[in-house]
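Structural characterization, general
Residues per chain, in single letters:
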Amino acid sequence: MSWPDVTVVDACVRRDRRGGSPTSVIDDDPAATDANRRAVAAGAGTSHTAFLGRGPTPDGGWPVRFFTATAELSGCGHGTVAAQAVRLARTALGELRDRQHTGGRTFDTVAIRRPAGIEVWFDQGLVALRHPAPEERAAIAAALGLTADDPHPTDAPRIAAPGAPRMLVPVRDRSALLRVRPHLGGLTAACRRYGLLGCFVYVPPARDRPGAARMFAPAIGVDEDVANANSTGCLAAHLLDTTGARTVTIEVEQGDALDRPASVLASARRGPAGITTRVGGLAVVRDGR
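Residues numbered from 1 in each chain as written. Predicted model: local features only at pLDDT ≥ 70, side-chain atom pairs only at ≥ 80, totals over all residues. Heavy atoms only, no water.

The protein chain is annotated in an unreviewed UniProt entry as PhzF family phenazine biosynthesis protein from Streptomyces pactum.

**Overview of the pattern of salt bridges**
A complete count under the given rule lists 21 salt bridges for this structure. With a shortest N-O distance of 2.7 Å, Arg260 and Asp10 are connected by a salt bridge. Pair noted here: Arg260 is in the loop between strand 15 (247-254) and strand 16 (262-271) and Asp10 is in strand 1 (residues 7-13), with a separation of 250 residues, a long-range link. On the basis of relative accessible area, Arg260 is assigned to the partly exposed category, the value being 24%. Note on Asp10: relative accessible area 10%, which makes it buried. A salt bridge links Arg87 to Asp98, with the nearest nitrogen and oxygen atoms 2.6 Å apart. One end of the pair, Arg87, is in helix 2 (residues 77-89); the other, Asp98, is in strand 6 (residues 95-102), with eleven residues separating them in the sequence. The structure contains a network of salt bridges with shared partners spanning Asp28, Asp34, Arg37, Arg65 and Glu72. (Salt bridge = Lys/Arg side-chain N within 4 Å of Asp/Glu carboxyl O. Helix = DSSP H or I, 4+ residues; strand = E, 2+ residues; numbered from the N terminus. Buried < 20%, exposed > 50% of the residue type's maximum accessible area, 1.4 Å probe, protein only.)

**Brief notes about the nonpolar core**
Within the largest apolar cluster, 54 residues are counted, with the highest numbers of intra-cluster contacts made by Val9, Val25, Val81, Ile118, Phe200, Leu235 and Ile250. In this structure, Val9 is in contact with Ser21, Pro22, Thr23, Val25, Ala82, Val86, Ala283, Val284 and Val285, ignoring residues within four places of it in sequence. Ala143, Val169, Val201 and Ala212 belong to the second-largest nonpolar core, a separate cluster that totals 22 residues. (Core = buried A, V, L, I, M, F, W, Y, C linked by side-chain atoms within 4.5 Å. Contact = heavy atoms within 4.5 Å.)

**Some details on the environment of Ala11**
Summarising the element assignment, Ala11 is placed in strand 1. Excluding its chain neighbours within four sequence positions, the residues that come into contact with Ala11 are Gly20, Ser21, Thr23, His78, Val81, Ala82, Leu282 and Ala283.

**Structural notes on the packing of aromatic side chains**
Centre distance and the angle of the planes are the two values used to describe a pair of aromatic rings. Counting across every chain of the model gives two aromatic pairs. Between Phe51 and Phe67 the ring centres are 5.6 Å apart and the planes differ by 90 degrees, which places this aromatic pair in the edge-to-face class. Placement of the pair is Phe51 in strand 3 (residues 48-52) and Phe67 in strand 4 (residues 62-67), with a sequence separation of 16 residues. Note on accessibility: Phe51 and Phe67 belong to one class, buried. The interplanar angle of 55 degrees and the centroid separation of 6.1 Å between the aromatic rings of Phe107 and Phe122 together place this pair among those described as tilted. Highlighted residues: Phe107 in strand 7 (residues 105-114) and Phe122 in strand 8 (residues 117-126), separated in sequence by 15 residues. Owing to a relative accessible area of 3%, Phe122 belongs among the buried residues under this scheme. (Phe/Tyr/Trp six-rings, centres within 6.5 Å; stacked < 30°, edge-to-face > 60°.)

Right, here's the structure in full:
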């Protein structure tokens, strides 16, 4: 199938505009098959593609679908940053407050022109948290190749689900984070066995220093993600839950192991229904529109 030109967005760049996660954004074609959509990311050389729908749903949300080369995703954080950056870039506006419909959920977004790019924030919604069973922890730790010295001394793994669950795996420091060399076949099998999207291995933020993280999701065709925004929101929810604070705001640096530096912002707060989060990042639209 022949698609129109694909716009590539560097989503969640650092403050100096470096790096970011290259993400394809394209207007969807109702005649396309899901196999056609899975092929776009591979053809564009990106890990994910955002497909923009042609009109709002009854509740006012603009449809956006996300695909990797192997599967459709129920949500994609950095893909949302890329999609909303393109929607703003196609206008002459300085700010676009929007609603996006993805994975059966409609949520608020805002995109703002900044000197360094387009800043996007979106409401992630409720994040459910649970402690993994011992066999889950053991299987994931083995697949990640963690040694006895790698785990964080005070933090513990957690399963977080803003929709699709993933395991948050804390390690001692940035050196331990960079040493992680997962067995991708074993990690794929373990994630599928326990119904996990992937594993977000992280070093928590400390004082004024941002956290750091790497996201491994080979079960959905992404061996290592440059930037995983939804998992950053999950981490904010976990930190709020374990500290007992009413609100938490964090920055998490990602992508260094891939020589593609990225940064994601997230905030979490506790409300009557549970913990809700907002996630943000800075995007650079490569075609300059």
